[in-house]
Amino acid sequence: MGKLPVLLYGSPILRQKSLPVQTIDGGLQTFIDDMIETMYAAPGVGLAAPQVGRLSRVIVLNPSEKQDPESLMVLINPEIVQAEGEIMAEEGCLCIPDLREPVTRYERVLVKGYDRNEREVEVEGKGLLARIFQHEVDHLEGLLFVDRLSTAKRDILRKRLKKLLTESR
Ligand code: NI
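Residues numbered from 1 in each chain as written. Predicted model: local features only at pLDDT ≥ 70, side-chain atom pairs only at ≥ 80, totals over all residues. Heavy atoms only, no water.

S.K.: Would you mind showing me how to read the packing of aromatic side chains here?
M.R.: What characterises a pair of aromatic rings is the spacing of the ring centres plus the angle enclosed by the ring planes. Under the counting rule described, the total for this entry stands at zero aromatic pairs. Positioned above the aromatic ring of Phe31 is the side chain of Arg54, whose terminal nitrogen or guanidinium carbon lies 4.5 Å from the ring centre. (Phe/Tyr/Trp six-rings, centres within 6.5 Å; stacked < 30°, edge-to-face > 60°. Lys NZ or Arg CZ within 6 Å of the ring centre and 35° of its normal.)

Below you can see the structure in the form of structure tokens.
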């Protein structure tokens, strides 16, 4: 095992809703290690399981620039339970190469879930961390950041997105 292929925009899996994890077994642990390896290799600051073809509610993230191990987070069945504020910043996605656009997100979120040791965790995220949480949790719902853009903006990008769709087939 190791690095996994990342699905690209146009793959129907990216549009499906992921299922809650029932048991954190050895198979899932290996999968989580592979997700982390894939995220670092990309490189990216976050990755959700459906991006590598598995419809399970698992996300990994590391907002630190130098991939500091202390900033690495694995969240299973994450749920945004509180959110406040609004902030716009540029966002990209490993599934949509070469596209970065400003997206409005909550400025602060509180996320509940489980870590890989089955401990219940509650994490507060601000700034970039809050943005990654929202982006990755969106993936678990089959949503991509381009869905969060204004209709006008999506119209402008329509051609580019259509081209990506054709290339991924
Ligand atoms: Ni993404």
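S.K.: For this particular structure, what's the right way to read the pattern of salt bridges?
M.R.: Side chains that differ in charge, positive against negative, can pair when their charged atoms come close. In this structure the tally under the stated criterion is 15 salt bridges. In this structure, the salt-bridge partner of Arg15 is Asp147, at a minimum N-O distance of 2.7 Å. You can see Arg15 sitting in the segment before helix 1 (26-41) and its partner Asp147 sitting in the loop between helix 2 (127-140) and helix 3 (151-167), a full 132 residues away along the chain. When its relative accessible area of 29% is taken as the criterion, Asp147 is described as partly exposed. For Glu91, the salt bridge is made with Arg131, and the minimal N-O distance between the two is 2.7 Å. Separated by 40 residues along the polypeptide, Glu91 in strand 4 (residues 87-93) and Arg131 in helix 2 bring together distant segments of the chain. Sharing partners across several salt bridges, the network here consists of Glu91, Arg105, Arg131, Asp138 and Arg148. (Salt bridge = Lys/Arg side-chain N within 4 Å of Asp/Glu carboxyl O. Helix = DSSP H or I, 4+ residues; strand = E, 2+ residues; numbered from the N terminus. Buried < 20%, exposed > 50% of the residue type's maximum accessible area, 1.4 Å probe, protein only.)

S.K.: What is the right way to look at the coordination of the nickel ion in this model?
M.R.: Expected angles at a metal are 109.5 degrees for tetrahedral coordination by four donors and either 90 or 180 degrees for octahedral coordination by six donors. Around the nickel ion, the donor atoms from the protein are Cys93 (SG), His135 (NE2) and His139 (NE2), and they sit 2.1 to 2.3 Å away. Note on Cys93: relative accessible area 9%, which makes it buried. (Donors = N, O, S within 2.8 Å, 3.2 Å for Na, K, Ca; no water.)

S.K.: Which parts of the structure should I look at to understand the pairing of strand 5 (residues 96-105)?
M.R.: Two strands pair when backbone bridges link them, and strand 4 and strand 5 are joined in this way by six bridges, in the antiparallel orientation. Within the sheet, the bridge partner assigned to Met88 lies in strand 5 and is Thr104. (Pairing = 2+ DSSP bridges.)

S.K.: Looking at this structure, how should I read the pairing of strand 6 (residues 108-114)?
M.R.: Consecutive residues of a regular strand have side chains that alternate between opposite faces of the sheet. Counting buried positions along strand 6 yields five of seven residues, so the element is predominantly enclosed. In terms of strand pairing, strand 6 meets strand 7 (residues 120-126) through seven bridges, oriented antiparallel. Note that in strand 7 the partner of Val111 across the bridge is Val123. Linking strand 6 back to strand 7 in an antiparallel pair, the connection comprises five residues, with Glu118 at a positive phi of about 65 degrees.

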